[in-house]
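This is what each chain is made of:
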Amino acid sequence: FWLPLFCSLFFFSSCKVERIVERSNEQQPSWVYGLENNYVIIYAQAENQAKAKEKLLVELKEQIVNSIAVNVSSSGEMSVSEQTINELTDYTQNSRFKTTINSDFLNALNGITLSKAEDFYWEKRFNRQTKTQFVVYHVKYPFPASELNRLIAQWQAMDEALSKELDEIELSVEGTNQYP
């Protein structure tokens, strides 16, 4: 009974495409690939630790800004053409859509560094199919709800001030365009 079970376990474990070559801890922390209140948990994959950390920092900043102030705009264009040759009509339809995501709120990025991460975990892996080695780096970054609320309040105040300023400019322009 035990021999077939052991052989099958050995067979399936040896069939993995990726093999962990090295890791920062003996056991993977429970927060890896998870969600926790008051934390941003992210990971990045790159050919080495330095590049993985660079990707992590960019991803961390994007997630924090996206949770506070993001403006999404989209545009679309569609054209239909018709061509008739010898009483046969051919219709062609072309579509093009573009979505842009912007944020003008960069105050949220001040002071964000990986050194403030509460925990980290990395694995160096080897892909048997591609014969390449890479690093998967995970970070558990503290981002309490109170900080999120403070940054949202800052964003709303800034947005309100800019809207008020824009309204005043529009009123002044409207006032100069009126004829006596």
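Just above, that's the structure.
Residues numbered from 1 in each chain as written. Predicted model: local features only at pLDDT ≥ 70, side-chain atom pairs only at ≥ 80, totals over all residues. Heavy atoms only, no water.

### A word on the nonpolar core
Phase 1 of the analysis: Judged by nonpolar contacts, the single largest core of 18 residues is most densely connected at Val40, Leu56, Leu60, Ile64, Tyr137 and Tyr141.
Phase 2 of the analysis: Contributions of two or more residues to this core are made by β2 (39–46), α2 (49–68), β6 (132–142) and α3 (145–176).
Phase 3 of the analysis: Considering every element that reaches this core, the biggest residue donor is α2, with five residues.
Phase 4 of the analysis: Here Leu60 is in contact with Val40, Ile42, Ile112, Leu114 and Tyr141, once residues within four sequence places are set aside. (Core = buried A, V, L, I, M, F, W, Y, C linked by side-chain atoms within 4.5 Å. Buried < 20%, exposed > 50% of the residue type's maximum accessible area, 1.4 Å probe, protein only. Helix = DSSP H or I, 4+ residues; strand = E, 2+ residues; numbered from the N terminus. Contact = heavy atoms within 4.5 Å.)

### What about a negative patch on the surface?
Phase 1 of the analysis: Side chains of Glu165, Asp167, Glu168 and Glu170 sit close together on the surface and give a patch of like negative charge.
Phase 2 of the analysis: Note on placement: Glu168 falls in helix α3. (Patch = residues over 30% accessible without salt bridge, like charges linked within 9 Å, V, L, I, M, F, W, Y side chains within 5 Å. Areas by Shrake-Rupley, 256 points an atom, 1.4 Å probe, with all protein chains shown as cover. Salt bridge = Lys/Arg side-chain N within 4 Å of Asp/Glu carboxyl O. Lys, Arg positive; Asp, Glu negative; His and termini not counted. Charge placed at Lys NZ, Arg CZ, Asp CG, Glu CD.)

### Quick word on the side chain of Asn127
Phase 1 of the analysis: Within the secondary structure layout, Asn127 lies in strand β5 (residues 119–127).
Phase 2 of the analysis: The contact partners of Asn127, leaving out residues within four places of it in the chain, are Val17, Glu18, Thr132 and Phe134.

### Quick notes on the pattern of salt bridges
When their charged atoms lie close together, side chains carrying opposite charge are able to pair.
Phase 1 of the analysis: Summed over all chains, the structure comprises seven salt bridges.
Phase 2 of the analysis: One salt bridge connects Arg125 with Glu123, and the closest N-O pair in it is separated by 2.6 Å. Assigned by exposure class, Arg125 and Glu123 land together as buried.
Phase 3 of the analysis: A salt bridge links Arg150 to Glu147, with the shortest nitrogen-to-oxygen separation between them at 2.7 Å. One end of the pair is Arg150 and the other is Glu147, both in helix α3 and three residues apart, which spans about a single turn.
Phase 4 of the analysis: For Arg150, a relative accessible area of 40% translates into the label partly exposed.

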